[in-house]
Amino acid sequence: MAVKGLVAAIVQFLTDQLQDGDMTADSRESLEVAIQCLESAYSVQASDAPSSFNLYTVYKNSVENAELGPEATPEAKAEAERLKNEGNALMKAEKHKEALSNYTKAIELDGRNAVYYCNRAAVHSKLGNHTLAIKDCHTALSIDPSYSKAYGRLGLAYSSLEKHKEAKESYEKALAMEPDNESYRNNLQLTEEKLAHLGVNQALVGGLPGMDLSALLSNPALMNMARQMLSDPAMQNMMCNLMTSNVEEGGRMEALIEAGHQLAQQMQNVNPELIESLRRQMGGNPNDPDPSQKN
């Protein structure tokens, strides 16, 4: 019975793989033949697999546990905990490299403790090694998927690398686990504001490769044109409504981006020669269509 359950789980896994859109027609046909052979040889179907058993999850956890090393002895766990506490004290004293060494030694003694990886991630972030911090956070979460602090530190590392979308997702997960945590809430709000700013920036300069908003602000002709446009009562009303509206955060972000598109459109209409000149200066193709005109 156990053998049939395992084969059914294999059939279930292979059936799920058929949903992979990148699979070629030949590979899909071979997979279908393999499924049919297993079903015929063992008289099973994918639905016969235990509902609580996922073959891929079992395999993934097995590989990850192997990488984490064997279960630590009580003596090793006690020494690892001592090293962790000493590392915490070193962090408070801002002796980051020494703390890093302590956490690493703790991991070598007990590689299945999520706290040690999360603490080491904090040191990596302090030292500017954000990629290593992300790796340690993911390892901590593979050990304990409900570890909110690991998600919080993951968000910080992503934010430091300007990966605000990933940071937002991490802070949202941390906040879902700790709804009353003001730090996660504030960091999430800051990340959403950065995403909104990037959206407006891209809307304003989408047709100017390599130029950012600060470059625009240093152009006198462009700023003079912007001042003239903003003196238009219709534009003033639009900006006033945007800033005083009570829409939710998601709606406000969309409104900001839409305002950026409208401003870019008006800039193109008021002085197309200036916009075209800026495109040429920044290496754009003068024959490229204006992004605000794209369907």
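Residues numbered from 1 in each chain as written. Predicted model: local features only at pLDDT ≥ 70, side-chain atom pairs only at ≥ 80, totals over all residues. Heavy atoms only, no water.

Focus: the overall build of the protein
For the protein, the count of helices and strands is 15 helices and zero strands. Long-range pairs, those at least 24 residues apart, make up 55% of the contacts in the protein with a sequence separation of at least 6. About 17,700 Å² of surface is accessible on the protein, with carbon and sulfur atoms providing 52% of the total. (Helix = DSSP H or I, 4+ residues; strand = E, 2+ residues; numbered from the N terminus. Contact = heavy atoms within 4.5 Å. Areas by Shrake-Rupley, 256 points an atom, 1.4 Å probe, with all protein chains shown as cover.)

Quick look at the nonpolar core
Of all hydrophobic cores here, the largest spans 27 residues; its most connected members are Ala140, Leu141, Tyr147, Ala150 and Leu154. For this core, the secondary structure elements donating two or more residues are helix 4 (74–92), helix 5 (96–109), helix 6 (114–126), helix 7 (130–143), helix 8 (148–160), helix 9 (164–177) and helix 10 (182–205). In contact with Ala140, other than residues within four places in its own chain, are Ala114, Tyr117, Cys118, Tyr147 and Ala150. (Core = buried A, V, L, I, M, F, W, Y, C linked by side-chain atoms within 4.5 Å. Buried < 20%, exposed > 50% of the residue type's maximum accessible area, 1.4 Å probe, protein only.)

Examining the pattern of salt bridges
Under the definition given, this model contains eight salt bridges. Put simply, Lys168 and Glu172 hold a salt bridge, and the shortest N to O gap is 2.6 Å. Pair noted here: Lys168 and Glu172 are both in helix 9, with a separation of four residues, about one helical turn. Note on Lys168: relative accessible area 21%, which makes it partly exposed. Overall, Glu172 belongs to the partly exposed group, its relative accessible area being 33%. (Salt bridge = Lys/Arg side-chain N within 4 Å of Asp/Glu carboxyl O.)

Let's talk about the packing of helix 5 against helix 6
Between helix 5 and helix 6, the least distance of the axes is 9 Å, while the angle of their chain directions is 155°. With respect to helix 6, the element helix 5 is oriented roughly antiparallel. Considering only the axes of helix 5 and helix 6, their crossing is left-handed. Two secondary-structure elements touch here, helix 5 through His96, Ala99, Leu100, Tyr103, Thr104, Ala106 and Ile107 and helix 6 through Tyr116, Tyr117, Asn119, Arg120, Val123, His124 and Lys126. For the contact of helix 5 with helix 6, the per-class residue count stands at eight nonpolar, four polar and two charged. (Axes fitted to C-alpha atoms, helices over the stretch in contact; angles between N-to-C directions. Parallel < 35°, antiparallel > 145°, perpendicular 65-115°, else oblique. Left-handed = near helix turned anticlockwise from the far one by under 90°. Nonpolar A, V, L, I, M, F, W, Y, C, P; charged D, E, K, R; others polar.)

Re the environment of Leu156
Relative to the helices and strands, Leu156 is located in helix 8. Judged by relative accessible area, Leu156 falls into the partly exposed class, the value being 43%.

So, the side chain of Asn113
Relative to the helices and strands, Asn113 resides in the loop between helix 5 and helix 6. Polar side-chain contacts of Asn113 include one of 3.0 Å to the backbone nitrogen of Val115. With residues near it in sequence (within four places) discarded, Asn113 still touches Glu81 and Ile143. (Polar contact = N/O pair within 3.5 Å; in protein donor to acceptor, adjacent residues only side chain to side chain.)

A look at unusual backbone geometry
Of note in the backbone geometry, Ser43 takes a positive phi value of approximately 55° without being a glycine. Residue placement: Ser43 occurs in the loop between helix 2 (25–42) and helix 3 (55–68). For Glu94, which is not glycine, the phi torsion reads 60° and is therefore positive.

Regarding the packing of helix 1 (residues 2–17) against helix 2
When two helices pack together, their arrangement is given by the angle between the helix axes and by the axis-to-axis distance. The contact between helix 1 and helix 2 brings their axes to 10 Å, and the two run at 160°. On the basis of the axis angle, helix 1 is roughly antiparallel to helix 2. Remark: the crossing between helix 1 and helix 2 carries left-handed chirality. Contacts between helix 1 and helix 2 involve Val3, Lys4, Val7, Ile10, Val11, Leu14, Thr15 and Gln17 on the former and, on the latter, Leu31, Ile35, Leu38, Glu39 and Tyr42. Among the residues forming the contact of helix 1 with helix 2, the class breakdown is nine nonpolar, two polar and two charged.

Thoughts on the UniProt feature "repeat: TPR" (unreviewed entry) in the protein
When the UniProt feature table is mapped onto this chain, "repeat: TPR" (unreviewed entry) is found at residues 80–113 and 148–181. Taken end to end, residues 80–113 comprises 79% helix and 0% strand; its first and last C-alpha atoms sit 9 Å apart. (UniProt positions renumbered as here; feature names shortened; annotations may be inferred.)

Observations concerning the state of the cysteines
Scanning the entire structure with this criterion turns up zero disulfides. Cys137 provides the cysteine sulfur closest to Cys118, a residue in no disulfide bond, and the two sulfurs are 5.4 Å apart. On the basis of relative accessibility, which here comes to 0%, the residue Cys118 falls in the buried class. (Disulfide = S-S within 2.5 Å.)

Looking at the side chain of Lys84
Inspection of the secondary structure puts Lys84 in helix 4. For Lys84, the side chain forms a polar contact with the side chain of Glu81, separated by 2.9 Å. Sequence-distant contacts of Lys84, that is, excluding residues within four places in its chain, are made with Tyr103, Ala106, Val115, Tyr116 and Asn119.

Some thoughts on the environment of Leu195
As for its placement among the helices and strands, Leu195 is situated in helix 10. Classification of Leu195 as partly exposed rests on a relative accessible area of 22%. The sequence separation of Leu195 and Glu162 amounts to 33 residues, and the corresponding C-alpha distance is 9.9 Å.

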